[in-house]
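One letter stands for each residue in the lines below.
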Amino acid sequence: TKRENNLNVIIEESDRLNILVNDILTLSKLENTESQLDIEEFDLNELINTILKRYNILTEEGYQFVYTNKNKIIIKADKKRLEQVIYNLINNAINYTGDDKLVKINIKEEKNLYRVEIIDTGKGIDKKDLPYIWDKYYHSNKKHKRNVIGTGIGLSIVKNILNNHNYNYGVISEKNKGSNFYFEIPKEFTK
């Protein structure tokens, strides 16, 4: 019925507004305080698998999430904050990926660090836009953005959290081939 449809729209918009307010509060807290990190030891592989379960509903709409790592990766970091980083980077990839609706998550082990990559197959980012994409409320004129998920300030949250951890991060983007957002976790812990 029309009434039910209207109610569903109101509920969806309320949810969207709630997420936006929470993101703004998170960003405000990260920017305005020396955000205390709650460092703990945990399995990064398990965390990624847990996050990916949230996207089950999108796989029914044709999205593909490729993550093949099977090994435990024990790290020390702020688990809740790192979860926000990975979640926001995946949301970003969902919004910008190509018509194949493919999002890849890789973990590359190097001598002194783990490199986490979130890769989409979209139209890529113009070189002139690259320095600004991490800024709060920055919008390029990307007509192909889907707005499937997220609030538009996810990358700013990512930047703040990774800066607090002193992790190296960035993006490699190629026109019409997609973007690879990455961050690096130093292996500064004892097993």
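Preceding this paragraph is the structure being described.
Residue positions are given per chain, counting from 1 as you read along its sequence in written order. Note on the predicted model: pLDDT of at least 70 is required for a residue's local features to be given, and 80 or more for side-chain atom pairs to be given and counted; whole-chain, interface and lining totals, by contrast, use all residues. Side-chain metrics rest on all non-hydrogen atoms present in the structure, leaving aside hydrogens and water.

Caption draft 1: Geometry of the overall build of the protein chain. Here a helix means four or more residues in a row that DSSP labels H or I, a strand means two or more in a row labelled E, and each is numbered from the N terminus. Helix and strand counts for the protein chain come out as 5 helices and 7 strands. Mapped from its N terminus to its C terminus, the protein chain presents α and β elements in the order α-β-α-α-β-β-α-β-β-α-β-β. Counting every position in the protein chain, which comprises 191 residues, the buried fraction comes to 42%. What makes two residues a contact is simply this: any of their non-hydrogen atoms within 4.5 Å. Intrachain contacts of the protein chain at a sequence separation of at least 6 include 75% that bridge at least 24 residues. Exposed residues in this analysis have more than 50% of their type's maximum accessible area, buried residues have under 20%, and partly exposed residues fall in between, with area computed by a 1.4 Å probe over protein chains only.

Caption draft 2: Geometry of the pattern of salt bridges. By definition, a salt bridge exists where a carboxyl oxygen of Asp or Glu is found within 4 Å of a side-chain nitrogen of Lys or Arg. Considering all chains together, one arrives at 10 salt bridges under this definition. Here Asp126 makes a salt bridge to Lys175, at a shortest N to O gap of 3.0 Å. In this pair, Asp126 sits in the loop between strand 5 (113-120) and helix 5 (154-165) while Lys175 sits in the loop between strand 6 (168-174) and strand 7 (178-186), placing the two residues 49 residues apart along the sequence. By relative accessible area, which is 27% here, Asp126 ends up partly exposed. Of the charged contacts, one joins Lys159 and Asp135 as a salt bridge, the two residues approaching to 4.0 Å between their closest N and O atoms. Here Asp135 lies in the loop between strand 5 and helix 5 and Lys159 lies in helix 5, a separation of 24 residues in the sequence. A relative accessible area of 23% places Lys159 in the partly exposed class. Residues joined by salt bridges that share partners form a network here, namely Lys108, Arg115, Glu117 and Glu184.

Caption draft 3: Spotlight on the environment of Lys72. Here Lys72 shows up in the loop between strand 2 (64-66) and strand 3 (74-78). The class of Lys72 is exposed, set by a relative accessible area of 67%. For the pair Lys72 and Leu44, spaced 28 residues apart in the sequence, the C-alpha separation amounts to 7.2 Å. Once residues within four sequence positions are removed from consideration, Lys72 is found in contact with Asp43 and Asn45.

Caption draft 4: Quick look at the sheet that holds strand 5. In this analysis, strands are considered paired if DSSP registers two or more bridges between them. Reading across the sheet, the 5 strands line up as 2-4-5-7-6 and stay open at both edges, with mixed pairing between neighbours. Of all the strands in the sheet, just strand 2 and strand 6 have a single pairing partner and so form its edges. In this sheet, adjacent strand axes meet at a mean angle of 15 degrees when their direction is disregarded. Judged from the 7 bridges that link them, strand 6 and strand 7 form a sheet pairing that is antiparallel. Bridge assignment links Tyr169 to a residue of strand 7, and that residue is Phe183. Each of strand 2, strand 4 (102-109), strand 5 and strand 7 touches helix 2 (residues 44-53); the most contacted strand, strand 4, lies at about 175 degrees to it. Note on definitions: angles span 0 to 180 degrees between N-to-C directions of axes, and those axes are lines fitted to C-alpha atoms, for helices only across the stretch in contact.

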